[in-house]
Amino acid sequence: TKRDPRDFCLWKLQKPGEALFWESPWGNGRPGWHIECSAMIQAIQNQINQQQEQHSWKFQVHAGGVDLQFPHHTNEIAQAEAYRYATTKATTTTT
């Protein structure tokens, strides 16, 4: 339930009778927004990181109208930051 107009969800729970879903620690469901945008950006960024020594590429992440700033772009930023945090945390060792 939204408590504020600026709220958005990263994961939507499976509705009764909904055939498409993934199992997750948060319950069966699906990504709340356009996860494919975040996934494509990460894939391209990985390619750039691998080839950075050979090229001086600049990477513009995403564009769109002001009307998409919230919630679309805000959600994609949250998805990307959550992914980077999870992968960084998983690969970081503590002493």
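Residues numbered from 1 in each chain as written. Predicted model: local features only at pLDDT ≥ 70, side-chain atom pairs only at ≥ 80, totals over all residues. Heavy atoms only, no water.

Caption draft 1: Up close: the overall build of the protein chain. Broken down by element type, the protein chain carries two helices and two strands. For the protein chain, the succession of helices and strands along the chain, N to C, is β-β-α-α. For the protein chain, the proportion of its 95 residues judged to be buried stands at 14%. Restricting the contact set of the protein chain to residue pairs at least 6 apart, pairs at least 24 apart contribute 39%. Carbon and sulfur atoms form 56% of the exposed surface of the protein chain, whose accessible area is close to 8,000 Å². (Helix = DSSP H or I, 4+ residues; strand = E, 2+ residues; numbered from the N terminus. Buried < 20%, exposed > 50% of the residue type's maximum accessible area, 1.4 Å probe, protein only. Contact = heavy atoms within 4.5 Å. Areas by Shrake-Rupley, 256 points an atom, 1.4 Å probe, with all protein chains shown as cover.)

Caption draft 2: Representation of helix 1 (residues 35-51) in the model. For helix 1, built from 17 residues, the straight-helix expectation of 24 Å at 1.5 Å per residue is met to within 8% by its first-to-last C-alpha distance of 25 Å. Within the span of helix 1, buried status applies to C37, S38, I41, Q42 and I48. Summarising the axial view, the buried residues of helix 1 lie within an arc of 130°, below the 170-degree limit, and thus occupy one face. (Expected span 1.5 Å × (residues − 1). Arc of directions from axis to C-beta.)

Caption draft 3: Looking closely at the packing of aromatic side chains. Applying the stated criterion across every chain, the model contains one aromatic pair. A centroid spacing of 5.9 Å and a plane angle of 50° characterise the contact between W11 and W26, whose relative ring orientation is tilted. In this pair, W11 sits in strand 1 (residues 11-13) while W26 sits in the loop between strand 1 and strand 2 (29-31), placing the two residues 15 residues apart along the sequence. The class of W26 is exposed, set by a relative accessible area of 62%. (Phe/Tyr/Trp six-rings, centres within 6.5 Å; stacked < 30°, edge-to-face > 60°.)

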